[in-house]
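Report on the structure
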Amino acid sequence: MSQKVRVRFAPSPTGPLHIGGVRTALYNYLFAKKNNGDFILRIEDTDSQRFVPGAEEYIIEALTWLGLKFDEGTHIGGTHAPYRQSERKEIYKKYVDILIQKGAAYIAFDTPEELTAKREAVSNFQYDASTRGEMRNSLTLSQEEVQSLIDAGNQYVVRFKIEAGQEVLVNDVIRGEVKYNSSVLDDKVLYKSADHLPTYHLANIVDDHLMEITHVIRGEEWLPSAPLHVLLYKAFGWEDSMPQFAHLPLLLKPEGNGKLSKRDGDRLGFPVFPLEWKDPQSGEISSGYRESGYLPEAVINFLALLGWNPGNDQEIMSMEELIQLFALEKCSKSGAKFDYEKGKWFNHQYIQLRPNSEIAAIFYPILQDKGIESPLQYIETVVGLVKERVSFVKELWDQASFFFVAPTAYDEKVVKKRWKEESPSQLSELAEVLKGIDDFSSHNQEEIVKGWIESKGYHLGNIMNAFRLAVVGESKGPHMFDITATIGKEETIARLEKAILNIK
């Protein structure tokens, strides 16, 4: 490939970034890095009616958290600035005028009321080659009438003039050659005098051309726009610089029937946004992957495999491995079911892969909230013993609270099942045995205690079950002697003596 690969992620700041948009950004990033190319952030804010304050900052923070670093963009600049479409008005007006001069676009004065009346009078009305002659536009009005309306301050739009009966070919990396007939397309609005802003279609094409975008990787929902964009490139005479299209498969509901939505997340209890989002108007708070306890590398790995397959059985892949293996040709044409349980599985795997010190640092504030201050080294040891049992760091407390707080109550079902008549006397003996152990390491304790049990002819299971109940308060936790070695000799004996007095 002679030309340097340049891709863009171009969201609209109309609210929080959907997880499907995150996947689009990820695939653009992987493709750019695989090909030593540039990854660009462009904010498409031409729809002033739908602009939401804080949305752009949210998008940047979310992708930064996930490790998707841009080479150019609104927040870092670059040689093709500005990267916010609302700051490029003069550029778009220049290209609107070029299309009008070429006869590829025309000015239309039809009011919203006139268009509504036409739609009511004509079923399936479409503003196109067959109907534009009946409307108020520069094709039906004289040049003088057009100028007079503009001078009088009448609002207008500029429409793209699409000729009927043309075959339009869209070459897509994922879907192959897709054919369209231009007769199904309407004369799309490209520019609105009301706010002096272009619509998505014009701004998109002009920016992709001027920013030298080589590949447009976007969601399947944009596929119907592709033939219009092909025709716009041809109208400008830019066929030679037309980017390669790749339309990604949809993310489907977990059941597979329809596009994934926020309602699915609310219904089934999983986030559909990367970060928590507070709606500035309603105040409604939507959960995010970060705040729900997902590690960014787990989210990346999970999303990468929703619609793409490396061609082998490997599931756990670092960002470097994903970049090395990624290819658009290996993306699926069909939608991918959003298996949120698999997302939890990935998070579990990445907690196991993270060093205990890092997980301990994340767990530390949770302990502080519960009024517990322990040395990080101690927390790190505890994490190493229980992290294989959790999918989220916040679940560590349920699995490890007894390492920090002695039990104040004992599980009644476990007491009934595990606490025998002889348990108090046997645990009293055990306490004496433990007092005599100088090397309180897990291995040494186990060897001495099991030797004592065997010499006394006691039942191993009965002793160990009662021992666990006394120290933990219930029937759970890692290897028993790992627990006692961690909490220490004095604490272990104190818990035994307390249980002997309190368990009835």
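Quick caveat, the model's predicted, so the values are computed rather than measured.

1. So, empty space enclosed by the protein
- A full pass over the atoms with the stated rule returns one cavity of 30 Å³ or more.
- Taken as a whole, the largest cavity spans an internal volume of roughly 30 Å³.
- Forming the walls of the largest cavity are Val414, Arg418, Asn465, Arg468, Leu469, Glu474 and Ser475.
- For the lining of the largest cavity, the elements supplying multiple residues, two or more each, are helix H15 (412-418) and helix H18 (460-472).
- Broken down by element, the lining of the largest cavity gets its largest block of residues, three residues, from H18.
- A breakdown of the residues in the lining of the largest cavity according to their chemical character gives two nonpolar, two polar and three charged.

2. A word on the UniProt feature "binding site: ATP" (unreviewed entry) in the protein
- Under the UniProt annotation, the feature "binding site: ATP" (unreviewed entry) is placed at Lys262.
- Tracing the backbone shows lysine 262 in helix H8 (residues 262-268).
- Contact partners of lysine 262, with chain neighbours within four places excluded, come to Val272, Phe273, Glu284 and Ser286.

3. Thoughts on the domain arrangement of the protein
- We note that the domain assignment places domain 1 (86-248), domain 2 (262-350), domain 3 (354-403) and domain 4 (412-502) within the protein.
- Using only C-alpha atoms to locate each centre, domain 2 and domain 3 end up separated by 25 Å.
- Between domain 2 and domain 3, roughly 700 Å² of surface is buried when both sides are summed, and carbon and sulfur atoms account for 50% of that area.
- Considering only the side of domain 2, the residues that lose the most area to domain 3 are Ser292, Leu295 and His348, jointly responsible for 50% of the buried surface there.
- Where domain 2 meets domain 3, there are one salt bridge.

4. Some points on the packing of helix H6 (residues 200-210) against helix H7 (residues 226-236)
- The N-to-C vectors of H6 and H7 enclose an angle of 60°; their axes lie 10 Å apart at closest approach. One way to sum up the angle between H6 and H7 is to call them oblique. The element H6 and its partner H7 pack so that their crossing is right-handed. Of the residues in H7, those touching H6 at Tyr200, His201, Leu202, Asn204, Ile205, Val206, Asp208 and His209 are Leu228, His229, Leu232, Tyr233 and Phe236.
- Taken together, the residues of the contact of H6 with H7 sort by class into eight nonpolar, four polar and one charged.

5. Notes on the pattern of salt bridges
- Inspection of every chain in the model, using the stated rule, returns 36 salt bridges.
- As a salt-bridge pair, arginine 8 and aspartate 208 come within 3.0 Å of each other at their nearest N and O atoms. Taken together, the residues arginine 8 in strand S1 (residues 6-9) and aspartate 208 in helix H6 connect sequence positions 200 residues apart.
- For the salt bridge of glutamate 497 with lysine 435, the shortest nitrogen-to-oxygen distance reads 3.5 Å. Of this pair, glutamate 497 sits in helix H20 (residues 489-502) while lysine 435 sits in helix H16 (residues 423-435), and the two are 62 residues apart along the sequence.
- Given the relative accessible area of 37%, lysine 435 is considered partly exposed.
- Via salt bridges that share partners, Arg8, Arg42, Glu44, Arg88, Asp207 and Asp208 belong to a single interconnected network.

6. Looking at the layout of surface pockets
- Reported here for the second largest pocket is a volume of approximately 320 Å³.
- Lining of the second largest pocket is provided by 19 residues; of these, Pro112, Gln155, Tyr156, Val157 and Ala194 occupy positions nearest its centre.
- For the lining of the second largest pocket, the secondary structure elements donating two or more residues are helix H4 (112-121) and strand S4 (157-160).

7. Quick look at the packing of H18 against helix H19 (residues 480-487)
- Direction vectors running N to C along H18 and H19 enclose 35°, while the axes themselves pass 11 Å from each other. Taken as a pair, H18 and H19 cross one another with a handedness that is left-handed. Residues Met464, Phe467, Arg468, Val471 and Val472 of H18 form the contact with H19, whose participating residues are Met480, Phe481, Ile483, Thr484 and Ile487.
- Across the contact of H18 with H19, the residue classes tally to eight nonpolar, one polar and one charged.

Reading guide: rules and limits
Residues numbered from 1 in each chain as written. Predicted model: local features only at pLDDT ≥ 70, side-chain atom pairs only at ≥ 80, totals over all residues. Heavy atoms only, no water. 1 Å grid on protein atoms, 1.4 Å probe; cavity = no way out; pocket = protein on both sides within 12 Å on 5 of 7 lines; lining within 4 Å. Points joined across faces, edges and corners; volume = space filled by probe spheres on them. Helix = DSSP H or I, 4+ residues; strand = E, 2+ residues; numbered from the N terminus. Nonpolar A, V, L, I, M, F, W, Y, C, P; charged D, E, K, R; others polar. UniProt positions renumbered as here; feature names shortened; annotations may be inferred. Contact = heavy atoms within 4.5 Å. Domains from an automatic or database assignment. Buried area = accessible area lost by both parts, 1.4 Å probe. Salt bridge = Lys/Arg side-chain N within 4 Å of Asp/Glu carboxyl O. Axes fitted to C-alpha atoms, helices over the stretch in contact; angles between N-to-C directions. Parallel < 35°, antiparallel > 145°, perpendicular 65-115°, else oblique. Left-handed = near helix turned anticlockwise from the far one by under 90°. Buried < 20%, exposed > 50% of the residue type's maximum accessible area, 1.4 Å probe, protein only.

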